[in-house]
Amino acid sequence: MATLQISMARPTSYTGWWGWVTTVDHKRIGVLYGLTAFAFFLLGGVEALVMRLQLAQPNSSVVGPETFNQLFTMHALTMIFLGVMPLGAAFFNFLIPLMIGARDVAFPRLNAFSYWVFLFGGLILNWGWLTGESPAAGWFAYANLTSGIFSPSRGMDFYVIGLLVLGVSSVAAALNFLVTIINMRTPGMSLMKMPVFVWMAMLTMILLITAFPVITVGLIELGFDRFYGTNFFNTFAGADPRLWQHLFWIFGHPEVYILILPAMGIVSEVLPTFARKPLFGYSVIVFSGIVIAFMGWMVWSHHMFTVGLGPIANSIFTITTMAIAIPTGVKIFNWIATLWGGSISLKTPLLFSVGFISMFILGGISGIMHSISPSDAQQQDTYFVVAHIHYVLFGGSIFAIFSGIYYWFPKMTGRLLHEGLGKLHFWGTMIGFNVTFFPMHFVGLDGMPRRIYTYQSGMGWDFWNLISTLGAFLIAASTLIFLHNFFRSRKKGEIAGNDPWDARTLEWSIPSPPPIYNFVEIPVVESRDPYWEEKYSHGLPVPSGGSADSGESHSLAESDRLGPDRDVFSMEEAHHLGIHMPSLSHWPIMTGLGLAIAGLGIVYHPIIAAAGLMITIVGIYSWALEPATEPSESSGE
Amino acid sequence: MDQAQSHHQTVEVGHAPSTTTGIDHRKMLIWAFLASECMFFGSFIATYLVYEGQSLVGPYPAEVFSIPVTSVSTFVLLMSSFMMVLAYSAVSKGDIQGFRAWILCTALLGATFLGFQVYEFTEFSQQGLTPRTNLFGSSFFTLTGFHGAHVTVGVIWLLSLFGYSYINPSALSRDEGLNVDLVALYWHFVDVVWIVIFTVVYLIGVVEN
């Protein structure tokens, strides 16, 4: 027993790279998610630039058709699964415990596991770049183009295994954060007092938990077809290729809301702070989010209007798709009403949020056009669809994510990003984005198909394609400005202090960057904007244009319950105060690594798969039996 | 430090509050996980139903299914859930001997069910039905195979707790036997999935053909 105890001892050093590998701290994991996802985001951007170079002129030969197919497939997969989703996860990790007044998530080690599995899954998905066999059947990989006959290379194998591994990461993270949000809220924070970001996060988790199993089943069936010769998508055995399309889009449409709901949450936090007003119609925004998440399940076949499901199915999905515009529109009006009459301070985070609202409206309008099934028949598989998806995912999600980065960077690092460079970044991105993607509406309606590697001159597409390419390089240049700003501000940025924006939610009440235990004293909240209440209900005048929350309590004056002592303690001092933090662990990365090796083994050799499985099993048992070095660790299994 | 005089419900320094809902984190996690599993098996069952009657070549369901044999294995799995309840009941009363006996019975019945499945799969393949034969073979073996994999994980989990009861018996009775409660929820869920499979795949499959 004694030797077992020693060999199982948990790592204790918080410093150095090993401290990061074994970390279970939600803030560090959030940073890891953010940096990794941004690196993948840049990779996806480079893939896009190569495609735009190829399409800048007709009959171009920068890359061949094979490479082009790999580029558009990997660009979409990278941006969706390795860029936007984990950037959202970075915010979830860093912010949710801070916003709900918790010291960590419900399952810190599971959280670390989610990150490592995400990293390995991303590497598997990109493995094909090393072997020259990337997936090339488009990100939604319609059967039976994905069968062994039509996709003989290992590309689709990496697609299947990569997405399966990423699914494990997403579901594990979603289970963890769902429990965290429901079960670790600070006293007084009822559901209807949670920040809207946390609400949208919770809905995202519910969608992840329920949508990912469906694609998992689709991927298992596709994988079995490819690896073991089953018949799920084998039309010679009578299979129906529409099965894949249904499984994919039953996952795929909720996935769209998985990408956009966190963005809506970020914007709902940024707008009130910079308009210096409470969020207009909090409960309506929350309920609209619930309706969007619920109706996200009832619209999937609008991706399949030209498949031939018949007029009844097409009509039903036309109606449900139009109906989902209502809660989305309600949110947009609420955001505009939040700005209305506010004393607006036009800082970079607000610029990006306003950019989100305006670009998302444009994406929404083209979405309404798609929802009309006869009209969609004209737009199917043209650049019009490409324009639409980029207006909602780039103009929507990415703009909101940048807004969130400018807004919370000071909380994460203790320093502000440079405001002038930030504005330059915003205007460069805003102009570059519209120059790139707006012309795609024109060439799309002109009939230019998506996913073609080149086109003939004289189709009327030459000019707008060149403009799109120029715009893409403007986006790239703006992103370089952001990177410069990021690295510069990391070292030399203005010191932020606890609360640089005079903000409203709990995370601003603690130091920047927050100490490892977050809150010395667990805060007790009585309103929707607890930190705002704390600051301005002591009889202090509210800065111009603002007013304290219209909510119930103005009686907080007698005590400063959000933690009277904001000094940062060392871990030892914190320990003496009775603050117990979960211990570090190296089993999450081991278990995740075993899973990834097992996955690659399915592609390459059963022995590798067996070895990976063994590592996973050892990892799971070591994890379960690992002693807590501190007495009150809350996470079990 | 004016917290001492505060008459509000100030939380003590350092002590994290118990959970918001009063439900243990792990119990909530397993429930949410089971929701995810519902979608997982739901999708496999949907695949099976979509392809029901679509196979171009035999063998077809009515030719291979043996309802008496599968009824026995279903009964075995149902009884294992009963044993599971007894095991949980024992551990929550602190009766570790009773727990060991009942959880071993649960695991053995689960293993017996798996034995039936191995027999059935072997029997089917001898009659010419493999995952590669037709759509029925692909969707049947994948659905029941993943169910069998879940039962296997459950048996390993049960046996692990049986072994753990010799290493650290007090840990098992802690929190009203939460560690056993978790595996019990999982076990009952896997059992319920089998009831659905037995009805939809076997019983209706034989009647319709």
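Visitor: Give me the confidence of the model for chain B: which residues, what numbers.
Guide: All names here are of chain B. Counting all residues, the mean pLDDT for chain B is 89, and 91% of those residues have values of 70 or more. With pLDDT under 50 throughout, residues 1–17 is counted as low confidence; its partners more than four residues away or in other chains account for 35 contacts. In the predicted assembly, ipTM is 0.91 and pTM is 0.91.

Visitor: Hey, could you go over the packing of aromatic side chains for me, with residue numbers and the actual values?
Guide: Within this structure, the stated rule accounts for 85 aromatic pairs over all chains. A cation over an aromatic ring shows up here: Arg 28 of chain A above the ring of Trp 20 of chain A, its NZ or CZ 4.3 Å from the ring centre.

Visitor: Describe in detail the pattern of salt bridges, supporting the description with residues and values.
Guide: Throughout the structure, instances matching the rule amount to 13 salt bridges over all chains. Here Arg 276 of chain A and Asp 502 of chain A are joined by a salt bridge, their closest N and O atoms 2.5 Å apart. With Arg 276 of chain A in the loop between α8 (242–275) and α9 (282–295) and Asp 502 of chain A in the loop between α15 (462–492) and α16 (530–536), the pair connects residues that are 226 residues apart, well separated along the chain. The class of Asp 502 of chain A is buried, set by a relative accessible area of 16%. Across the pair Lys 27 of chain B and Asp 181 of chain B runs a salt bridge whose closest N-O atoms are separated by 2.6 Å. Of this pair, Lys 27 of chain B sits in helix α1 (residues 25–50) while Asp 181 of chain B sits in helix α6 (residues 169–208), and the two are 154 residues apart along the sequence. Residues joined in a network through salt bridges with shared partners are Arg 276, Asp 499, Asp 502 and Lys 535 of chain A.

Visitor: Any chance you could break down the environment of Leu 600 of chain A for me, citing the residues and the numbers?
Guide: All names here are of chain A. Secondary-structure assignment places Leu 600 in helix α18 (residues 587–604). Taking the C-alpha atoms as reference, Leu 600 lies 31 Å from Val 179; in sequence the two are 421 residues apart. Among residues more than four places away in sequence, those in contact with Leu 600 are Ile 124, Trp 127, Phe 158 and Ile 161.

Visitor: A description of the packing of helix α7 (residues 196–228) of chain A against α1 of chain B should follow, citing residues and the corresponding values.
Guide: Packed helices, taken two at a time, are described by their axes: the angle between them and the distance between them. The contact between α7 of chain A and α1 of chain B brings their axes to 8 Å, and the two run at 40 degrees. Compared by their axis directions, α7 of chain A and α1 of chain B come out oblique. Of the two elements, α7 of chain A crosses α1 of chain B, and the hand of that crossing is right-handed. Each of Ile 209, Thr 210, Pro 213, Val 214, Thr 216, Val 217, Ile 220 and Glu 221 of chain A in α7 of chain A lies in contact with α1 of chain B, whose residues at this interface are Ala 32, Ser 36, Met 39, Phe 40, Ser 43, Phe 44 and Thr 47 of chain B. When its residues are assigned to classes, the contact of α7 of chain A with α1 of chain B shows 9 nonpolar, 5 polar and 1 charged.

Visitor: Tell me what's going on with the packing of helix α13 (residues 383–413) of chain A against α15 of chain A, and back it up with residues and numbers.
Guide: All names here are of chain A. Where α13 contacts α15, the axes come no closer than 12 Å and their chain directions differ by 10 degrees. Relative to α15, the element α13 lies roughly parallel. Where α13 crosses over α15, the handedness of that crossing is left-handed. Each of Phe 394, Phe 402, Ile 405, Tyr 406, Phe 409 and Thr 413 in α13 lies in contact with α15, whose residues at this interface are Ile 475, Phe 482, Asn 485, Phe 486, Ser 489 and Arg 490. Of the residues assigned to the contact of α13 with α15, the class counts are 8 nonpolar, 3 polar and 1 charged.

Visitor: Describe in detail the nonpolar core, supporting the description with residues and values.
Guide: Core analysis: the largest hydrophobic core is formed by 188 residues, its most contacted members being Phe 81, Tyr 159, Trp 244, Trp 335 and Phe 356 of chain A. If we ignore the near neighbours within four places in the chain, the residues touching Trp 335 of chain A are Met 264, Val 267, Ser 268, Leu 271, Leu 279, Ile 285, Phe 356 and Ile 357 of chain A. Judged by nonpolar contacts, the second largest core, of 52 residues, contains Val 91, Leu 129, Val 180 and Phe 198 of chain B.

Rules of the game
Every chain's residues receive numbers from 1 upward, in the order its sequence appears when written. The order in which chains are written sets their letters, starting at A; the order in which ligands are written sets their numbers, starting at 1. pLDDT decides what is reported in this predicted model: residues at 70 or higher carry local features, side-chain atom pairs at 80 or more are listed and counted, and totals for whole chains, interfaces and linings draw on all residues regardless. Each side-chain value is worked out from all heavy atoms of the structure, with water and hydrogens disregarded. Within a predicted model, pLDDT stands for the predictor's per-residue confidence, ranging from 0 to 100. It only takes one pair of heavy atoms within 4.5 Å for two residues to be counted as in contact. Planes of paired rings set the category: under 30 degrees apart is stacked, over 60 is edge-to-face and the rest tilted, where pairs are Phe, Tyr or Trp rings (Trp by its six-membered ring) whose centres lie within 6.5 Å. Two thresholds decide whether a charge sits over a ring: the Lys NZ or Arg CZ must be within 6 Å of the ring centre and within 35 degrees of the ring normal. Any carboxyl oxygen of Asp or Glu within 4 Å of a side-chain nitrogen of Lys or Arg constitutes a salt bridge here. By definition, any uninterrupted DSSP run of H or I lasting at least four residues is a helix, any uninterrupted run of E lasting at least two residues is a strand, and each is numbered from the N terminus. Exposure is judged per residue with a 1.4 Å probe applied to protein chains only, and the accessible area is read against the type maximum: over 50% gives exposed, under 20% gives buried, and values in between give partly exposed. Fitting a line to C-alpha atoms yields each axis, with helices limited to the stretch in contact; the angle taken between N-to-C directions then spans 0 to 180 degrees. Any angle that falls under 35 degrees is termed roughly parallel, while one over 145 is termed roughly antiparallel, one within 65 to 115 roughly perpendicular, and all others oblique. If you view the pair so one helix is near and one far, a crossing is left-handed when the near helix is turned anticlockwise from the far one by less than a right angle, and right-handed when it is turned clockwise. Lys, Arg, Asp and Glu make up the charged group, whereas Ala, Val, Leu, Ile, Met, Phe, Trp, Tyr, Cys and Pro make up the nonpolar group; the residues left over, Gly among them, are polar. To qualify as a nonpolar core, a set must consist of buried Ala, Val, Leu, Ile, Met, Phe, Trp, Tyr and Cys residues joined through side-chain atoms within 4.5 Å.

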